[in-house]
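For reference, the chains in residue letters:
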Amino acid sequence: MALELINVAKSFYTEGNKNEIRVLKDISCVVEEGRFISITGPSGCGKTTLLRIIAGLEKTTHGKVILDGKDISSQTSMVGLVFQEYALFPWRTTLQNITMGLEIMGIPKEERIKAAMDYVNMFGLKGFEHRYPHELSGGMQQRVAIARTLIMGPKIVLMDEPFASLDSQTRNDLQEFLLDLWQKRKDTVLFVTHNVDEAVFLSDEIIVFSNRPATVVARVEVDCPRPRDRTSLECNQIRKKVLDTLRELRRDGSRIDT
Ligand SMILES: Nc1ncnc2c1ncn2[C@@H]1O[C@H](COP(=O)(O)OP(=O)(O)OP(=O)(O)O)[C@@H](O)[C@H]1O
Ligand SMILES: [Mg+2]
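Residues numbered from 1 in each chain as written. Chains lettered and ligands numbered in written order. Predicted model: local features only at pLDDT ≥ 70, side-chain atom pairs only at ≥ 80, totals over all residues.

Caption draft 1: A look at the overall build of the protein chain. Across its full length, the protein chain holds seven helices and 10 strands. Its C-alpha atoms give the protein chain a radius of gyration of 19 Å, within 12% of the compact-globule value 18 Å for 258 residues. Seen through its principal axes, the protein chain has C-alpha atoms that stretch 55 × 50 × 35 Å. Here the protein chain holds 258 residues, and 37% of them are scored as buried. Across the protein chain, every contact between residues at least 6 apart in sequence was considered, and the portion connecting residues at least 24 apart equals 69%. (Helix = DSSP H or I, 4+ residues; strand = E, 2+ residues; numbered from the N terminus. Rg over C-alpha atoms; globule rule 2.2 N^0.38 Å. Buried ≥ 20, exposed ≤ 12 C-beta atoms within 10 Å, placed from the backbone. Contact = placed C-beta atoms within 7 Å.)

Caption draft 2: Examining the packing of helix H4 (residues 138-150) against helix H5 (residues 168-185) more closely. Between H4 and H5, the least distance of the axes is 10 Å, while the angle of their chain directions is 30°. One element, H4, and the other, H5, form an angle in the roughly parallel class. Classified by chirality, the crossing of H5 by H4 is right-handed. Facing H4, whose interface residues are Gly-138, Gly-139 and Gln-142, H5 presents Thr-170, Asp-173 and Leu-174. Considering only residue class, the contact of H4 with H5 consists of one nonpolar, four polar and one charged. (Axes fitted to C-alpha atoms, helices over the stretch in contact; angles between N-to-C directions. Parallel < 35°, antiparallel > 145°, perpendicular 65-115°, else oblique. Left-handed = near helix turned anticlockwise from the far one by under 90°. Nonpolar A, V, L, I, M, F, W, Y, C, P; charged D, E, K, R; others polar.)

Caption draft 3: Focus on the site of ligand 1. Taken together, the residues surrounding ligand 1 are Phe-12, Thr-14, Ile-21, Val-23, Ser-43, Gly-44, Cys-45, Gly-46, Lys-47, Thr-48, Thr-49 and Arg-212. Of all the elements in the fold, those that place two or more residues in the shell around ligand 1 are strand S1 (3-14), strand S2 (19-31) and helix H1 (47-54). Ranked by the residues each element gives to the shell around ligand 1, the list is headed by H1, at three residues. Of the residues belonging to the shell around ligand 1, the class tally is four nonpolar, six polar and two charged. (Near = placed C-beta within 6 Å.)

Caption draft 4: Representation of H5 within the structure. The end-to-end C-alpha separation of H5 is 25 Å, in line with the 26 Å expected for 18 residues at 1.5 Å each. Where H5 is buried, its residues meet H4 and helix H6 (196-202). Looking one or two places after H5, you find Lys-186, whose phi comes out positive at around 60°. (Expected span 1.5 Å × (residues − 1).)

Caption draft 5: Structural view of helix H3 (residues 109-122). The end-to-end C-alpha distance of H3, which contains 14 residues, comes to 20 Å, matching closely the 20 Å that a straight helix rising 1.5 Å per residue would cover. All buried positions along H3 are accounted for by Arg-112, Ala-116, Tyr-119 and Val-120. The buried residues of H3 occupy an angular sector of 105° when the element is viewed end-on, so they sit on one face. Seen from the buried face of H3, the exposed residues on the opposite side, beyond 90 degrees, are Glu-110, Glu-111, Lys-114, Asp-118 and Asn-121. (Arc of directions from axis to C-beta.)

Caption draft 6: Examining the nonpolar core more closely. Grouped together as the largest cluster of nonpolar side chains are 58 residues, with contacts concentrated most on Val-144, Ile-156, Leu-158, Leu-190 and Phe-191. Counting only domains with at least three residues in this core, you end up with domain 1 (1-21 + 30-78 + 155-258) and domain 2 (90-153). If near-sequence neighbours (up to four positions away) are discounted, Leu-158 is found in contact with Leu-51, Ile-54, Ala-55, Val-79, Gly-80, Leu-81 and Leu-190. (Core = buried A, V, L, I, M, F, W, Y, C linked by C-beta atoms within 7 Å. Domains from an automatic or database assignment.)

Caption draft 7: Looking closely at the packing of helix H2 (residues 94-104) against H4. Between H2 and H4, the shortest axis-to-axis distance is 7 Å and the interhelical angle comes to 30°. With respect to their mutual orientation, H2 and H4 come out roughly parallel. Regarding H2 and H4, the two cross each other, and that crossing is right-handed. Contacts between H2 and H4 involve Thr-94, Asn-97, Ile-98, Met-100 and Gly-101 from the first element and Val-144, Ala-147 and Arg-148 from the second. For the contact of H2 with H4, the per-class residue count stands at four nonpolar, three polar and one charged.

Caption draft 8: The pairing of strand S4 (residues 62-67), seen in detail. When S1 meets S4, the two strands line up antiparallel, connected through five bridges. Bridge pairing in S4 places Ile-6 opposite Lys-64. With two bridges connecting them, S4 and strand S5 (residues 70-71) associate as antiparallel partners. If you follow Leu-67 over to S5, its bridge partner there is Lys-70. Remark: two residues form the turn of the hairpin made by S4 and S5, two consecutive strands paired antiparallel; Asp-68 in that turn has positive phi of roughly 50°. (Pairing = 2+ DSSP bridges.)

Caption draft 9: Just the domain arrangement of the protein chain, in detail. With domains assigned, the protein chain is organised as domain 1 (1-21 + 30-78 + 155-258) and domain 2 (90-153). Classifying every residue of the side of domain 1 that touches domain 2 gives five nonpolar, two polar and one charged.

Right, dumping it as structure tokens:
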């Protein structure tokens, strides 16, 4: 088993601890090694907060996060996070962005450049290794962000709406690129998206979060055979199931528990 969340709850406190914002109420789930799991749910329900907790950037208020049998609730660990925005360093080139983590770890320059060049080639970035982020297309920038995460060999890959700012064609291309990569590398992936079509195309399972404070309201197994046809009847049936659950949550939205 790669990741286990046990009764994870999270509140933020503002105005000198007077005001409690309950974000996650009670999240429990198991993400088996090598699985591709998507999380979807209403805006502001706590998806990014959960990824930040798993990445060790936030602490839980209650509950545990277990990675490969170890409680990592209060430490940073071997997880890689690809953010909602590209979050590349604008003053660093493609190569310098990809090698960033290795540099922090003190890997010698020659070695880290050799490793990064493998990713440059594999990710279709050849010829752009000395360019800065503003000289790259959105799709390329996101490939750099993914390479920068994967080069560290994380135990689990966390992706927070990584394709949200891309046009639909580039988005589809990158989904296929990511799937290809995942099938070769067998990474464990936790992928947050608002796009149900994307979740169905990519995932083994889709977890639907409730309105804030979030709990798991549905777990939908995506058992369509791969490679998938987005327009197939099976994919559409699963899309409908998830969309119906989300519609129900929107109806409930006026009763959000704070
Ligand atoms: N550091 C913080 N201090 C106070 N409140 C916070 C903090 N971080 C997040 N929140 C609140 O927690 C809630 C959940 O935020 P989060 O970013 O996790 O939602 P989300 O599900 O990722 O939303 P979206 O789908 O729009 O990206 C929001 O109400 C947000 O304002
Ligand atoms: Mg978010």
